[in-house]
Amino acid sequence: MFARLLSSALAAGTLALFAVTGTPAARADDPADGIDRALTTAAIAPQAKRATERAVAIGVYDPHDAVADSDALELEHVFVYWQKPDRALLKRKIAIAARQGRALMLSVEPYTHAADWRAGGERLFADIGKGRFDREIGDVCSRAAAFDGPVYVRWGHEMEDPDGRYPWARRDKEGYKKAFRYFVSKCRELAPEARFVWSPKGHRNLAGYYPGDDVVDVVGIPVWGLQKMDVDYWGRERRFGEALNEKYQRVAGFGKPVMIAELGVSGSADYRRAWYKEIFDQQTYRLAFPLLTTVVFFNDKEPYKRPLGYGSPDWRLDKEALKALADRQAKEAAELAD
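Just so it is clear, the model here is predicted, and its values are computed rather than measured. (Residues numbered from 1 in each chain as written. Predicted model: local features only at pLDDT ≥ 70, side-chain atom pairs only at ≥ 80, totals over all residues. Heavy atoms only, no water.)

A. Molecular detail of the pairing of strand S2 (residues 75-81). With respect to burial, S2 is a largely interior element, six of its seven residues being buried. Looking at chain direction, strand S1 (residues 57-61) and S2 are connected through three bridges and run parallel. When the bridges of S2 are listed, Val-60 appears paired with Glu-76. (Buried < 20%, exposed > 50% of the residue type's maximum accessible area, 1.4 Å probe, protein only. Helix = DSSP H or I, 4+ residues; strand = E, 2+ residues; numbered from the N terminus. Pairing = 2+ DSSP bridges.)

Structure (structure tokens):
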């Protein structure tokens, strides 16, 4: 019940009601109170309203169903290769989200039609605009529409980092923005209740890829805590809040709710413990990051090898993190019962 209430509130956008600092000045056509009524509702039960007072909702990418039965998680994240979706996986994840009362987030990866999915990226955006991927859009968005609960669609993430990993991550900013807008316009015809997540990697050049307020409901960023990389690049171990702040400040100006769409911690037991302590500290979000609504853990090993000898870090939640999640859920359930 608690997870369902909170997921409903999350979908309605009520977490965006936190006090916002450092956001752009209101425009003449903005709501007088600064609240986007398209993302809120007055029909929320008192319990759900109270649930939104907490700092952050916790979700998970969990491809091996390691935490499928956890009552402490409120969002199920699944990646979708739109040109060749794993329909069995998608069906299973949708079923888990429905059974556990979780919201659903589909990270849609717009690979090409080439035998090598990464090939042909220079034509991808034009092909999308010509309707050559309308079948893929229809398949994904029909599934989103059929889900009986809050659903988020995250399309073409990390677009501002043209390192060759993704064919949609290119220096063609205008092409990306047009393709994003096309996808959202088509998807909204099928799934009008879906919320759309624009999810840059967090680089300094991200603003050039922003497709517009009218097609972005939430901004998602990744945050990774890799102890060895911290020491190599910064000469010390960084804190969670420090790593988050670097990217948060680059997206807060858009004035949208912010989620950590992918979060992983890898290192010594002490390093992980310090990060988890901050992650589960409500005051971290309430005071320092007022726009942050959701944290989505990446509960798996890194699927690709990182350059410079960093290999494939293990981001999976450890026993301490799982216990902290359970304790947090129990505490909040008790507070709701008061």
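Now that the structure has been shown, the text picks up again.
B. Expanded view of helix H6 (residues 173-190). Compared with the 26 Å implied by 1.5 Å per residue over 18 residues, the 26 Å span of H6 between its first and last C-alpha is a close match. Restricting attention to buried positions, one finds in H6 the residues Gly-175, Tyr-176, Lys-177, Ala-179, Phe-180, Tyr-182, Phe-183, Val-184 and Cys-187. Of the surrounding secondary structure, the elements contacted by the buried residues of H6 are strand S3 (103-109), helix H4 (121-129), helix H5 (134-146), strand S4 (151-155) and strand S5 (195-198). (Expected span 1.5 Å × (residues − 1). Contact = heavy atoms within 4.5 Å.)

C. Representation of the packing of aromatic side chains within the structure. The final tally for this structure, using the stated rule, is 28 aromatic pairs. Seen in terms of ring centroids, Tyr-81 and Tyr-111 are 5.6 Å apart; in terms of plane orientation they differ by 80°. Their pairing is edge-to-face. Residue Tyr-81 is located in strand S2, and its partner Tyr-111 is located in the loop between S3 and H4; the two are separated by 30 residues in the primary sequence. Tyr-81 gets classed as partly exposed once you look at its relative accessible area, which sits at 32%. (Phe/Tyr/Trp six-rings, centres within 6.5 Å; stacked < 30°, edge-to-face > 60°.)

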